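# Descriptive analysis of the structure
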Amino acid sequence: MSAVVIVGAQWGDEGKGKIVDIYMESAEVVVRYAGGPNAGHTLVVGNEKLVVRLLPSGILRPATQCILGQGMVVDPSVLLGEIDELKRRGHKDIEARLLLSDRAHLILPYHIEIDSLRESTAAQAEAIGTTKKGIGPCYEDKVRRTGVRTGELRDLSKLKKRIDIALRAWAPVIAALGGKQPSADEIIEQLRPMAERLVPLLGNASKATDDAIRAHKRVMLEGAQGTLLDVDHGTYPFVTSSSAVAGGAAIGAGIGPNRIDSVLGITKAYTTRVGSGPFPTELNDELGKHLRDVGDEYGSVTRRPRRCGWLDIPGLRYAARVNGIDGLALTKLDVLTGMSKIKVCVAYDTPQGRVDDLPIDLLDEPDNAVPVYVELDGWTENLENVRVLEQLPETTRTYIRFVEELSGVPLYLVSVGPSRAATIVLHNPFVGRAGTP
Ligand code: GDP
Ligand code: IMO
Ligand code: MG
């Protein structure tokens, strides 16, 4: 049995897509367990670049079985668009390799409308900076028990009754936001042709995942977003609406927690965040702009500029704890090339004294959580062609050893460029230990 969870250790966009794709060379099944088309996971293979939003990042590995778990929220038109795009690129067998949980929730047009209206009418300090993909309202419907599930696409007359119930619940909200009341009939007519294509993909994702694990297949559980965007463990209320952490994998994939063997956390060599909310190590200066330019830090989905800052070790320790991270993948190390000095936040000064765990509930008052930095020497060498740790400059090795020691988590992988090739794999959680720095 072998099931590995991949989870973002920061505020998303850590490079999860690339790392899932790398380790899928050794696995047969990949399951997305949370979130929806708010995610954008980038895969660069040779000259091909693909950003997947709902499809699992293992999709480019031939013969991989791809499962969309019940923890997800699925926009049917986005999913069909991704399927068509992959077919255009020659992956003709994609539907045969895809299983869509019939218990995942459907994002419908009114979810997107409410998300957008709320964001555009909120006071500036209250806007979350969401991706406006309908994520929040869809999960709200799920928890309020007025949601609509993919399995209901099998019977559109029953589905219409469910949409009517949801629309009655949303009507006062839509009116208060100045929106137009949606028509259930129109939504059903939009869904009809999509349902024809999606119903054959529906199935029991929980059973398929558990069966694969019992059959000794190697299963990757792919997280979306990141620990600090998790609805329970993130910088609430500036979070997404799903359980992005590793614990969410058991719920979202529909397997027991004891089926999971290992948790891999992904972190950039620095930090980024898209949207609003606290970010204590943010650089609002030329250095931040430099990181954004060199790291091409623009949202994969919305192209919004990402906020950039130094690496936050207390944040990594926090992520290690709430996810049970066994190993770390450190990405975008190449982006730091050319900086003469690199700072790393190692602790926080708080009214209670200096702490080395992330004081997450103090972060909204900057004076209550002041980052304490250590400054390390940088390097000038281009790292993109380095394939073994020994070829990295001495100061680069010092940097990654520092991250490993202070975070308390062994490094499993170092990424030095966007492509599959630009990777130093130290340990593969599927096939046993291959060395440490
Ligand atoms: P995800 O959401 O965690 O999958 O990450 P995204 O795909 O949204 O953002 C990561 C971005 O960094 C993508 O553009 C990747 O192609 C790119 N990337 C991943 N690893 C590296 C790396 O080691 N170096 C550089 N320069 N880019 C990387
Ligand atoms: P991946 O999987 C980065 C952020 C949004 C916003 C907050 C809530 O690519 O790492 P939502 O639309 O989910 O209600 O927005 O969460 N956010 C992400 N930031 N990467 C993501 O996904 C994100 N998904 C949501 O910017 O701040
Ligand atoms: Mg992303």
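Look up: the structure comes first, before these words.
Here's a quick rundown of the structure. Note that the structure is predicted; figures quoted are calculated from it, not measured.

Once that is clear, we can look at unusual backbone geometry. The residue after Y236, namely P237, is reached through a cis peptide bond having omega 5 degrees. Positive phi is not limited to glycine here, since H216 has a value of about 65 degrees. Structurally, H216 can be placed in the loop between helix 7 (205-214) and strand 10 (218-222). H216 sits in the exposed class, given a relative accessible area of 60%.

Another aspect to go through is the coordination of the magnesium ion (ligand 3). Taken together, D13 (OD) and G40 (O) make up the full set of protein donors to the magnesium ion (ligand 3), lying 2.0 to 2.2 Å away. Placement of the pair is D13 in the loop between strand 1 (2-8) and helix 1 (16-23) and G40 in the loop between strand 2 (29-32) and strand 3 (41-45), with a sequence separation of 27 residues.

On to the sheet that holds strand 20 (residues 423-425), then. Pairing within the open sheet is mixed, and its ten strands lie in the order 9-7-5-2-10-1-11-15-19-20. Looking along the sheet, the strands with just one partner apiece sit at the ends: strand 9 (202-203) and strand 20. Pairing of strand 1 with strand 11 (residues 262-268) involves five bridges; the strand directions are parallel. By the bridge assignment, I6 is partnered in strand 11 with L264.

As a matter of local geometry, ligand 2 sits amid 21 residues, with D13, K16, H41, T131 and T240 nearest to it. Contact between ligand 2 and G129: an oxygen atom at 3.4 Å from a main-chain N or O atom of the residue. One nitrogen or oxygen atom from the main chain of V274 is found 3.1 Å from an oxygen atom belonging to ligand 2. For ligand 2, whose unbound accessible area comes to 550 Å², protein coverage reaches 97%. Residue classes in the shell around ligand 2 are distributed as eight nonpolar, ten polar and three charged.

About the criteria used
Residues numbered from 1 in each chain as written. Chains lettered and ligands numbered in written order. Predicted model: local features only at pLDDT ≥ 70, side-chain atom pairs only at ≥ 80, totals over all residues. Heavy atoms only, no water. Helix = DSSP H or I, 4+ residues; strand = E, 2+ residues; numbered from the N terminus. Buried < 20%, exposed > 50% of the residue type's maximum accessible area, 1.4 Å probe, protein only. Donors = N, O, S within 2.8 Å, 3.2 Å for Na, K, Ca; no water. Pairing = 2+ DSSP bridges. Near = heavy atom within 4 Å. Polar contact = N/O pair within 3.5 Å; in protein donor to acceptor, adjacent residues only side chain to side chain. Areas by Shrake-Rupley, 256 points an atom, 1.4 Å probe, with all protein chains shown as cover. Nonpolar A, V, L, I, M, F, W, Y, C, P; charged D, E, K, R; others polar.

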